[in-house]
Structures are given as C-alpha cells and as structure tokens.
Amino acid sequence: MIAPAFIQDLLSRVDIAEVIGRYVKLKKAGANHMGLCPFHGEKSPSFAVSPSRQTYHCFGCGVHGNAIGFLMEHSGMGFIDAVHDLAQQVGLSVPEDDRSPQERELALKTKERQSTLTDVLAKAADHYRKQLKINPRAVDYLKQRGLSGEVAARFAMGYAPEGWRALASAFPRYDDPLLEESGLVIAQDAEADPGADSKRYDRFRDRIMFPIRSVQGDVIGFGGRVLDRGEPKYLNSPETPVFSKGRELYGLYEARTAIRQHGFVLVVEGYMDVVALAQLGFPNAVATLGTACTAEHVQKLFRFTDSVVFSFDGDAAGRRAAGRALEAALPHASDLRSVRFLFLPSEHDPDSYVREHGTEGFGTCIEQAVPLSLQIIAAAQEGCDLSTAEGRARFLALARPLWAALPEGALKRQLLGELAGVSKLDAGELAGLWQTSIAKSRPPTREAAAPKPRLIRTARQGAANQLDRALWLLLQRAEMWWELDGHCHDLLADRVAPYATLFGCFERCLHEQGPLSPAALLSELGQAVQADEQAKATLERIALFHAPEADTDLRRQMDLLLDHLRLRDVDAELELLFESGLMSPDIQARSAELMLSRARLKAALTTATPLPV
C-alpha cells in the first residue's frame, strides 16, 4: 500500500489544471479554470478545475475528484498507475510499500503475467479485426443484422476464420503456452504430452468475435457467435488470470461515458444486443457474459451510476434470469439507488424491439420498467394462491429472505408495509412475526432502551471533529456500516488523510472478521495504520472517548453527522460555483438544486438535537 502521506504530498505538488488540461480545453475564469465536461455531453462549460483546492467538479453531471481520480476515470488507469504517472510528472519516486520482499515480488510477477496475457489477447483481437475486413461472408452477416462499419469498429469486432489453426499465422509460435493460458488455443492431453502440437487447435473458429475489454480498455477475453447454425451459439473465453465471467461485463468500457450522460445503465443478455443498441441510440447498454448476474456485477455498475435497468425476455428463462439478478441487486439497493426490471414480449430481444417500435417505443418501455419493490412482490407471489391463508403464508415465507437482504433504510421499511398489505396483515404484526423492528434491525437491548436521543460526550476537552465522531460511532456498532449506502460511505471515506485510510481499513476489517467489539476494532485499526503517524494520532484521540450510555441512539447521531457533512459539501460546491463567475444553463440548474438542498439540510439540522461543537 502506498503511504497516504505520500499521496497527499504528491497531490499538493501537482498542478491539477495542467494535468486535466492535457485532455480538456480549459479557460481561466476567476480563480478557477472552466471547460466542457469530458464525462457528459454539453454545449456550455460547467466543468470547473480549482488549482487552490486541487480538485475538479462538474456542475452538470456531478463528477468530482482530484488529479488521481481524474486519470482513473478519464484514462482508465488503475490507482497505482495513476500515482506513478503523476509522480513521474513532478519528479518524485513512489516509495516502496510495506509488503515483504516476497509479497512484492509475487505481485510484480502477477502483474507482468497479466500484462503479457493482455498483450497476447490484444494481438489476437487485431488479427480478428483484419480477418473481418477480408471476409465478405462475415461482413454480409453483420450487414444483415443491421450493423454499420462504424459501430463494428467502435467495439473492435472481428472474425475468427474457419480452420483448426488460423491463429498460427498471427503468432510466431503456435505452441506458445501463452496461447493456451489466454484461452485462445485448446490443447488436448496437455499434461500428458505438453509438446504435442498435433493436438492443439483454435478455440474460436468461424465466429464473429467480440473482444471483451476491462474498464481500463485492455482486451481480457472474447465472445464468439456462430454465423450460421451451430452449437454453442455463443462461445466465451474460459476463466484465466485476467478474465472472470462473474466480474466482467461486456461493453462497460465502451459505455462508461454514455452511462453518465443517460443517467442509467441498461443490462441486456447478449453481445449483439449491446452493439445493436449502441447503434440505435442506446450506447449505455452492457451485457453479462453468458452467466447469471452476480453481486460483483451489480457492485461494479453502481460505481458508474445510481440507476440500473435489467432487460430480460418475458419467457420462463427470462424470469429465471430476472430472479438471479434480483438476488444479486438486493444488498446494494439503497434508498439513493434505483433498480428496475424490463420484460420484453417473448418474440423480441432489445435489438428487434427497437427496430420494430423505434427508439421512442423502447424508451417508453424503459420508463415503465418494474421497480425493485414491485419485482420482489411479484417474485414472491409466483405460485402462491393469495385468496387462501396458506397461499399468503407461502408468499411471506418466499418474500422474507428477499426483504431481509435489502440494506436498512426507507425502502426496506416501506416494503414491509407493502408485503403486510398483500398478506392481509398489519405491518406491526408482520414485524413481530419476523422478529424485527420496522425502524431498523438492532440488538434488542439497545432498541428497547432508546426512548429518546441523547448527546454523545467525550472525555477530552472540547469535542472531536465530525469525522472522528463518525468513526467512533462505527466502532461502537460496526454493523451500522452495512446499513449505510454507498453515498454515505463516500461522505465518510472520500476525505483528506487520515480518514480515507482509516475508513478503508475499517471496511476491510469488517469484511474479513465481521463486527468485533469496539476495543478489538480499535486494536485492529491501530495495527493496520502503524506506519501512518497522522492516523495513529487520530485513533489515540478516539480511544479517549467515553463509552456510550445505554439510551444513546447511535444511528440517529450518525444520521446527524452525515447531514452535517452533506451541508459542508453543498457549501463547498456553492462556493466553487460562485467563484467560477459563469452562468451556463447547467450551472444555473445546479445552483438552484444546491440552494434547495442547503435549505432542506439547514432546516433538518435546526430542528434536530444539536451535536457537540
């Protein structure tokens, strides 16, 4: 891990306007620089770069961050690569991390191995593209599917020729083990006879090729579709050191900007759907890779947008796929995120539906997609006769695990009432039946002993700052971290040192060891940040805090802290907006939105029990 102190020193030395100016045309506007946002389409500049704060912010789409974040988002770099890129610009050497020499050597070998494999796959992708250009049959197939040369080029589509060893012309050694390791070549009985060249052959033959790219743009695998009849219809690369079907999504690299522009991502079932939709006006589509949607897929998508629409066929297979997607999405469906389900008629896929009903018709379908809450009810109702007590009991038994998987929040509370209504029970009765509270799931001793909120006091003179107190609250009740949504996590962790490090270590510890006692968690954090003096000093301050009294409403205190942090961010953005001196339509709209948010937060905090100052 690169020391947080080095990251802060690096960011203080970098001229963020110069870094971003390599990619965006910026114009001086008062203390800041303004330009057209590279992350969404706009005609008037609303993208502000602040050299004094060393940050960028778009008042149109809301993206923001520092120089490292910009390189990661715009150029697709990983964190380490972005740090090394910036360090090279200012003449700094990135210090060695705290891993052992053996661990660093293993990490270096792994990275080199992955880089070698992606190089091999990129070379194969280039070969397939060239083959497509010279194969009239493959070109005619794409034309018959209504695809243009422009969209085929955008997705780097290609063609794997007929024949068992067509790749032999693309690589100097057809017996190179890397061809097998990357999934391009199949070697039968390789363990028994590794050098048996006669038993090696191309995995992909006579197929339209769809390169699968990582978010950084590296080719990590392929999907191949038969031109005529044949089985399997779609063939994917096998699992390799650089490719896992359960984590990757086809088209995400190409759709990143469009997802931000459209405000949602459309998840479809096939490569051809993604490519065709991009040509027909929906470039924000991605597809799973011949496997069910996983929690990792959903988590990755929510890095780019707060709204996901799953599109499925309306047949039995589509319903089963929707059920798996629902289960994967539930743990991530916080109050600030939207998950919807679109079911097309059984005779249509997204491509055919758009061609028959037009972009407006498909857009209407998306607008009418089923919300997550209704899909939960529909999934639980399947096979249940709600006119009988037995059917309603079965409905509740099927609904309970789905409801329980939701994160705590307003959606979960409201859904309990909806489920109670369907089952003809009172919400309180259902809550009692499921042995939970409508408000939130907490240990019963705390829940019973919380008639009203109390102030949290500290042992040290003066009060801790808001982030100290937030971390202390989480130490007292670690599982509260899981009740907070991604936006709340960002409010806490997306901060200057040492808080980004401390909250990051807290989350890792929670995932690895579960909710520990406050003392045990504090000890674990102390060991994790031994080399960071600033983080150690913060933990020493927090260690002096009194334990909470029995009737302290910890979650209420956390909600107040988060509102204070939101208000601080709103004020900072307003200040940046006014400093820009510009009034584009996007900036005017954002200004009105911020002023409204500020008024709401101020009103909420005014009526709430104040926190210590």
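Report follows, based on the coordinates.

Thoughts on the sheet that holds strand S2 (residues 32–35)
1) Next: Here five strands make up an open sheet; going across it, the order is S1-S2-S3-S4-S5 and the pairing antiparallel. On the outer flanks of this sheet lie strand S1 (27–29) and strand S5 (64–65), each paired with one strand and no other.
2) Next: Bridge count for strand S4 (residues 55–58) against S5 is two bridges, and the pairing is antiparallel. Looking at the pairing, His-57 lines up with His-64 of S5.

Brief notes about the environment of Glu-382
1) Next: Position of Glu-382 among the secondary structure elements: in the loop between helix H14 (372–381) and helix H15 (389–405).
2) Next: Note on Glu-382: relative accessible area 59%, which makes it exposed.
3) Next: Separated by 13 residues in the primary sequence, Glu-382 and Phe-395 place their C-alpha atoms 8.1 Å from one another.

Overview of the nonpolar core
1) Next: Leu-184, Phe-222, Tyr-250 and Phe-362 are the most contacted members of the largest nonpolar core, which totals 61 residues.
2) Next: With residues up to four places along the chain from it excluded, the contact list for Leu-184 reads Val-120, Leu-121, Ala-124, Tyr-128, Leu-167, Phe-171, Leu-179, Tyr-201, Asp-202, Arg-203 and Phe-222.
3) Next: Among the nonpolar cores identified, the runner-up in size contains 45 residues, and Cys-293, Leu-301, Phe-302 and Cys-384 belong to it.

Quick notes on the sheet that holds strand S14 (residues 307–313)
1) Next: The strand order across the open sheet formed by five strands is S13-S12-S14-S15-S16, and the pairing between neighbours is mixed. Two strands in the sheet have a free side with no partner beyond their single neighbour: strand S13 (285–287) and strand S16 (370–371).
2) Next: As judged from the three bridges shared by strand S12 (residues 265–268) and S13, these two strands associate in the parallel manner. Looking at S13, one finds that Leu-266 is bridged to Ala-285.

Rules used in this analysis
Residues numbered from 1 in each chain as written. Predicted model: local features only at pLDDT ≥ 70, side-chain atom pairs only at ≥ 80, totals over all residues. Heavy atoms only, no water. Pairing = 2+ DSSP bridges. Helix = DSSP H or I, 4+ residues; strand = E, 2+ residues; numbered from the N terminus. Buried < 20%, exposed > 50% of the residue type's maximum accessible area, 1.4 Å probe, protein only. Core = buried A, V, L, I, M, F, W, Y, C linked by side-chain atoms within 4.5 Å. Contact = heavy atoms within 4.5 Å.

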